[in-house]
Amino acid sequence: MSRIAYVNGRYLPHRHASVHIEDRSIQFADAVYEVIAARGGRLVDADMHLARLHRSLAALEIAAPMSDAALGTVMREVIRRNGVVEGFLYLQVSRGAAPRDFAFPRHAKPGLVMTARRHRGPAARLIEEGVGVITLPDIRWARPDIKSVSLLPNALGKQQAKAAGAFEAWQVDRDGNVTEGTSSNAWIVTSEGDLVTRQADAGILNGVTRLGVIGLLRREGLRLVERPFSVAEAKAAREAFLTSTTNFVLPVVSIDGTPVGNGHPGSITRRLRQAYEAYVAAQAGAP
Ligand code: PMP
């Protein structure tokens, strides 16, 4: 099945899909996006992703390209046309195309792009054995809570992680505290068994997976503490893990080469991964 992209009202063959050279996403990264998982051909937590999309749009004063009902229709259609049962939908809204000028154009129409692809999620080996992360300075702008496409620092960080043989880079603020990964939220489990993740202020993207996991904690009898944690605390933690739409819950077993706990995925992390998978499976419906 050949891939189909949605671009400003049209469904096009993926290889021919393009936006105007003066779309502001290209020149100013003046656009926001969402990545939504599909399971059983259905979108996971689409309402939470749409709510975050609206927060990002409002923060940048970009108008919604269409109603949520219409967006939902296009989202499902892109998934369907690409035959995606398990995979991801990418959705991007830009301020639109206009002659290049820093100030907002008066009459630009928001641009809407969607693509979808099949993907099975992280390799079983990564789930079973866990992954390593490196730490590096958080060099992003002061509003990473807005899910904008200005992802250059994230791309640089991920590339540094890859070059170091690590899966992800945990970014660190000026106080020595971990903010988040380049494309995931960061968590640790303390020796008391508390789950710690940074509070969702302007310093991190409030992950939909982060929120989904938080929603499961009470039933799991686990205590959540939203606060900053340092790299030293993370290295000395009992367990660590990351959360994202593309990886769900993934154990982190080393930080800058230092093993976390016994260097194997921890029991709480494993439990949370299972609980989150069940939560997603319930949305996907019976196979
Ligand atoms: N932080 C950053 C910087 C990200 O790019 C992502 C993934 N988009 C996340 C966290 C995780 O968010 P979500 O669970 O919504 O995928």
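Residues numbered from 1 in each chain as written. Predicted model: local features only at pLDDT ≥ 70, side-chain atom pairs only at ≥ 80, totals over all residues. Heavy atoms only, no water.

## Regarding the overall build of the chain
Moving on, step 1. When its secondary structure is counted, the chain shows 8 helices and 15 strands.
Moving on, step 2. The C-alpha atoms of the chain give a radius of gyration of 19 Å, which matches the 19 Å a tight globule of 287 residues would have.
Moving on, step 3. Residues counted as buried form 49% of the 287 residues belonging to the chain.
Moving on, step 4. A fraction of 71% describes how many contacts in the chain between residues 6 or more apart in sequence connect residues 24 or more apart.
Moving on, step 5. Carbon and sulfur atoms make up 53% of the accessible area of the chain, which amounts to about 13,900 Å² in all.
Moving on, step 6. One finds the centroid of the 36 positive side-chain charges in the chain at a distance of 6 Å from the centroid of its 28 negative side-chain charges. (Helix = DSSP H or I, 4+ residues; strand = E, 2+ residues; numbered from the N terminus. Rg over C-alpha atoms; globule rule 2.2 N^0.38 Å. Buried < 20%, exposed > 50% of the residue type's maximum accessible area, 1.4 Å probe, protein only. Contact = heavy atoms within 4.5 Å. Areas by Shrake-Rupley, 256 points an atom, 1.4 Å probe, with all protein chains shown as cover. Lys, Arg positive; Asp, Glu negative; His and termini not counted. Charge placed at Lys NZ, Arg CZ, Asp CG, Glu CD.)

## Things to note about a nonpolar patch on the surface
Moving on, step 1. Together, Ile 139, Leu 152 and Leu 156 make up a nonpolar patch on the protein surface, roughly 330 Å² of accessible area in all.
Moving on, step 2. The residue Ile 139 is located in the loop between strand 7 (131-137) and helix 5 (152-163) in this model. (Patch = residues over 30% accessible without salt bridge, like charges linked within 9 Å, V, L, I, M, F, W, Y side chains within 5 Å. Salt bridge = Lys/Arg side-chain N within 4 Å of Asp/Glu carboxyl O.)

## Describing the domain arrangement of the chain
How big an interface is tends to be reported as the loss of accessible area on association of its parts.
Moving on, step 1. Splitting the chain by domain gives domain 1 (4-118) and domain 2 (124-283).
Moving on, step 2. The interface is formed by 22 residues belonging to domain 1 together with 21 residues belonging to domain 2.
Moving on, step 3. On inspection of domain 1 and its partner domain 2, the count reaches 0 salt bridges.
Moving on, step 4. Scanning the region where domain 1 abuts domain 2 turns up 7 residue pairs in polar contact (both at pLDDT 80 or more). (Domains from an automatic or database assignment. Polar contact = N/O pair within 3.5 Å; in protein donor to acceptor, adjacent residues only side chain to side chain.)

## Some remarks on the packing of helix 6 (residues 208-217) against helix 8 (residues 267-284)
Moving on, step 1. Orientation of helix 6 relative to helix 8, taken along the N-to-C sense of each, is 105°, at an axis distance of 10 Å. When the axis of helix 6 is compared with that of helix 8, the two are roughly perpendicular. Across the interface between the two elements, Thr 209, Gly 212, Val 213, Leu 216 and Leu 217 of helix 6 pack against Leu 272, Ala 275, Tyr 276 and Tyr 279 of helix 8.
Moving on, step 2. Across the contact of helix 6 with helix 8, the residue classes tally to 7 nonpolar, 2 polar and no charged. (Axes fitted to C-alpha atoms, helices over the stretch in contact; angles between N-to-C directions. Parallel < 35°, antiparallel > 145°, perpendicular 65-115°, else oblique. Nonpolar A, V, L, I, M, F, W, Y, C, P; charged D, E, K, R; others polar.)

## Considerations on the sheet that holds strand 4 (residues 42-43)
Remark on secondary structure: sheet strands pair via backbone hydrogen bonds, oriented parallel or antiparallel.
Moving on, step 1. As summarised here, the arrangement of the 6 strands in space is 2-1-6-5-3-4, forming an open sheet in which the pairing is antiparallel. The open sheet has two edge strands with one neighbour each: strand 2 (10-13) and strand 4.
Moving on, step 2. Two strands pair when backbone bridges link them, and strand 3 (residues 31-39) and strand 4 are joined in this way by 2 bridges, in the antiparallel orientation. Across the sheet, Arg 39 pairs through a bridge with Arg 42, a residue of strand 4.
Moving on, step 3. Most of the contacts of helix 3 (residues 68-81) go to strand 6 (residues 111-118), to which it runs at about 35°, and overall it touches strand 1 (4-7), strand 2, strand 3, strand 4, strand 5 (87-94) and strand 6. (Pairing = 2+ DSSP bridges.)

## Details of the nonpolar core
Moving on, step 1. Counting 23 residues, the largest nonpolar core has Leu 53, Met 75, Leu 89, Val 93 and Met 114 as its most contacted members.
Moving on, step 2. Going through the elements one at a time, strand 3, helix 2 (46-60), helix 3, strand 5 and strand 6 are the ones with two or more residues in this core.
Moving on, step 3. With residues up to four places along the chain from it excluded, the contact list for Met 75 reads Ile 36, Leu 43, Ala 46, Leu 50, Leu 89, Leu 91 and Met 114.
Moving on, step 4. Core analysis: the next-biggest nonpolar cluster, separate from the first, contains 22 residues, Val 44, Leu 195, Val 249 and Leu 272 among them. (Core = buried A, V, L, I, M, F, W, Y, C linked by side-chain atoms within 4.5 Å.)

## Remarks on the site of the ligand
Moving on, step 1. Among the 18 residues in the neighbourhood of the ligand, the closest are listed as Lys 147, Glu 180, Val 208, Thr 209 and Thr 245.
Moving on, step 2. Within the side chain of Lys 147, a nitrogen or oxygen atom sits 2.4 Å from a nitrogen atom of the ligand.
Moving on, step 3. Interatomic distance of 2.6 Å between a side-chain N/O atom of Thr 245 and an oxygen atom of the ligand.
Moving on, step 4. Burial of the ligand by the protein chains amounts to 94% of its free accessible area of 390 Å². (Near = heavy atom within 4 Å.)

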